[in-house]
Amino acid sequence: MTGDREALVAAIAADPDDDTPRLVFADWLEENGEEDRAEFVRLECEQAARCRDLEFLYPLPDHLED
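All figures in this text were calculated on a predicted structure; none of them were measured in a lab. (Residues numbered from 1 in each chain as written. Predicted model: local features only at pLDDT ≥ 70, side-chain atom pairs only at ≥ 80, totals over all residues. Heavy atoms only, no water.)

Help me out: how do you make sense of the overall build of the chain in this one?
A tally of helices and strands in the chain yields three helices and zero strands. Starting at the N terminus and walking to the C terminus, you meet the elements of the chain as α-α-α. For 66 residues, the compact-globule estimate of 2.2 N^0.38 gives 11 Å, and the chain exceeds it by more than 25% at 15 Å. Principal-axis analysis of the C-alpha atoms places the extent of the chain at approximately 45 × 20 × 15 Å. Each of the 66 residues in the chain was classed as buried or not, and the buried ones make up 18%. Restricting to contacts in the chain with at least 6 residues of sequence separation, those with at least 24 account for 21%. For the chain, the accessible area works out to roughly 5,300 Å², and carbon and sulfur atoms hold 53% of it. Taken as two groups, the 6 positive and 20 negative side-chain charges of the chain have centres that lie 4 Å from each other. (Helix = DSSP H or I, 4+ residues; strand = E, 2+ residues; numbered from the N terminus. Rg over C-alpha atoms; globule rule 2.2 N^0.38 Å. Buried < 20%, exposed > 50% of the residue type's maximum accessible area, 1.4 Å probe, protein only. Contact = heavy atoms within 4.5 Å. Areas by Shrake-Rupley, 256 points an atom, 1.4 Å probe, with all protein chains shown as cover. Lys, Arg positive; Asp, Glu negative; His and termini not counted. Charge placed at Lys NZ, Arg CZ, Asp CG, Glu CD.)

I tried to follow the packing of aromatic side chains on my own but got confused; where do I start?
We describe a pair of aromatic rings using the distance from one ring centre to the other and the angle between the two ring planes. This model, assessed by the stated rule, comprises one aromatic pair. Both rings, one in Phe 25 and one in Trp 28, keep their centres 6.1 Å apart while their planes meet at 10 degrees; by these two values the pair is stacked. Taken together, the positions of Phe 25 and Trp 28, both in helix H2 (residues 20-31) and three residues apart, correspond to about one turn of that helix. (Phe/Tyr/Trp six-rings, centres within 6.5 Å; stacked < 30°, edge-to-face > 60°.)

Take a look at the structure:
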């Protein structure tokens, strides 16, 4: 791994609930010739955001959580 890549992966690992480092990593991947992987990361972030929106709109009853 390159230094930049390692730093980006470390930032993702440090705050796994924040999509911002993932999206920065996706940009870096695209700029470094890994367009397919960048698109995959962006789609993962989009899917996670939609799941968070659904959980907010339709929360599970307390007895079904965890």
